[in-house]
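The residues making up each chain are set out below.
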Amino acid sequence: MRLDRFLIHNANISSQECLALIKAARVHVSGILAESVAQLLEEGDTVSLDGQSLQSKAFNYLVINKPAGVVSARADKTHSTVLDFIKAGNFVGELPKFEAINIGKLQIVGRLDIDTTGLLLLTDDGEWNYRLTAPEHHCVKTYRVQLNSELADGLVEKFAEGFLLQGEQSKTLPAKLEQVAPKEVLLSISEGRYHQIKRMFKASKNRVVRLHRESIAGLDLIEGLSPGQFRFLSAEEVARLG
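First, a word on what this report is: a plain description of the structure on this page.

Scoring rules and cut-offs
Residues numbered from 1 in each chain as written. Predicted model: local features only at pLDDT ≥ 70, side-chain atom pairs only at ≥ 80, totals over all residues. Heavy atoms only, no water. Helix = DSSP H or I, 4+ residues; strand = E, 2+ residues; numbered from the N terminus. Contact = heavy atoms within 4.5 Å. Areas by Shrake-Rupley, 256 points an atom, 1.4 Å probe, with all protein chains shown as cover. Lys, Arg positive; Asp, Glu negative; His and termini not counted. Charge placed at Lys NZ, Arg CZ, Asp CG, Glu CD. Buried < 20%, exposed > 50% of the residue type's maximum accessible area, 1.4 Å probe, protein only. Arc of directions from axis to C-beta. Polar contact = N/O pair within 3.5 Å; in protein donor to acceptor, adjacent residues only side chain to side chain. Pairing = 2+ DSSP bridges. Core = buried A, V, L, I, M, F, W, Y, C linked by side-chain atoms within 4.5 Å. Axes fitted to C-alpha atoms, helices over the stretch in contact; angles between N-to-C directions. Parallel < 35°, antiparallel > 145°, perpendicular 65-115°, else oblique. Left-handed = near helix turned anticlockwise from the far one by under 90°.

1. Topic: the overall build of the chain
Within the chain one finds seven helices and 13 strands. With the C-alpha coordinates of the chain rotated into their principal frame, the extents come out at 70 × 40 × 35 Å. Once local pairs closer than 6 in sequence are excluded, the contacts in the chain between residues at least 24 apart make up 64%. For the chain, the accessible surface area stands at approximately 13200 Å², while carbon and sulfur atoms represent 50% of it. Between the averaged position of the 29 positive side-chain charges in the chain and that of its 30 negative side-chain charges there is a distance of 7 Å.

Listed below in structure tokens is the structure:
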């Protein structure tokens with residue numbers, strides 16, 4: 001782990017403050033003066049600020065069943081946000097670290113449109129968030145899609161080949177399309193372009209009526225997690241995802 005990441009999480013300071021503290025010679029790693037925010041901590045290292053040892057806090061990893069009409073944002077003047085449900089403590093299952101959550105530090109891992117429902121992850125672990133959302137990591141997300149019209153012939157192959165969407169310079173990555181009903185499909189994609197799914201079906205002369213994310217990187221939205229409810233991920237789930 002980088003020193004600045006450790007300080008941001010455990011000293012509750014900003015990245016700019018990290019740099020200032022190190023320049024002021026106020027941070028030591030295992031008794032040695034720290035020289036760079038990019039310094040990598042090794043197992044067994046201790047970090048002190050102004051001579052006081054900093055204890056390592058656990059990161060938080062949450063999954064919420066996002067309802068329709070809720071925005072994936074920290075704050076919104078018009079609509080409820082996913083963080084409103086976290087603040088309200090609308091949880092199920094084990095919640096051993098809830099009192100330690102700093103709501104202001106929670107990051108939304110891959111946003112959903114206001115009318116899209118389903119699985120949404122939140123964390124205060126920035127590196128884990130990056131591993132799941134960086135384009136080069138190709139994290140697979142699966143959606144249940146309700147369509148306005150019946151699925152046209154040949155679209156399974158077309159989605160597997162990729163689309164050159166309007167305004168884009170490159171084709172979409174291969175996507176897996178599985179028809180489950182005349183107007184209902186499961187779609188798995190490994191990228192997240194702007195309104196990508198809606199634009200792909202629009203290019204296919206169809207329209208998305210309802211969009212629900214069912215899984216991310218193999219993690220399914222657990223049955224019994226009602227819209228607006230959240231829970232903590234297990235250590236096994238965290239490791240498997242990121």
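2. Quick notes on helix 4 (residues 126-133)
Turning to helix 4, its buried residues are Trp 128, Asn 129 and Leu 132. What you see down the axis of helix 4 is that its buried residues fit within an arc of 100°, all on one side. Buried residues along helix 4 sit against strand 5 (61-66), strand 6 (107-109), strand 7 (117-123) and helix 7 (235-241). Capping the start of helix 4, Asp 125 holds a side-chain oxygen 3.3 Å from the backbone nitrogen of Glu 127, two or three residues further along.

3. Overview of the pairing of strand 8 (residues 141-147)
Each regular strand carries side chains that alternate between the two faces of the sheet. Most of strand 8 is tucked away: five of the seven residues are buried. The pairing of strand 8 with strand 10 (residues 184-189) spans six bridges and is antiparallel. The partner of Lys 141 across the bridge, within strand 10, is Ile 189. Across seven bridges, the pairing between strand 8 and strand 11 (residues 208-216) is antiparallel. Counted as the bridge partner of Thr 142 is Ser 215 from strand 11.

4. Thoughts on the nonpolar core
Note on soluble globular proteins: their nonpolar side chains tend to be buried together. Ranked by internal contacts, the top residues of the largest apolar core, which has 32 residues, are Leu 62, Val 145, Phe 159, Leu 177, Leu 187, Ile 197 and Phe 201. The contacts of Leu 187, once residues within four sequence positions are left out, are Lys 141, Thr 142, Tyr 143, Val 145, Phe 159, Ala 175, Lys 176, Leu 177, Ile 197 and Phe 201. Grouped together as the second largest cluster of nonpolar side chains are 16 residues, Tyr 61, Leu 119, Leu 221 and Leu 241 included.

5. Some points on the packing of helix 1 (residues 3-10) against helix 2 (residues 15-23)
At a minimum axis separation of 9 Å, helix 1 and helix 2 run at an interaxial angle of 115°. Between helix 1 and helix 2, the angle is such that the two are roughly perpendicular. Between helix 1 and helix 2 lies a crossing of right-handed hand. Together, Leu 3, Asp 4, Leu 7 and Ile 8 of helix 1 and Ser 15, Cys 18 and Ile 22 of helix 2 make up the contact between the two elements.

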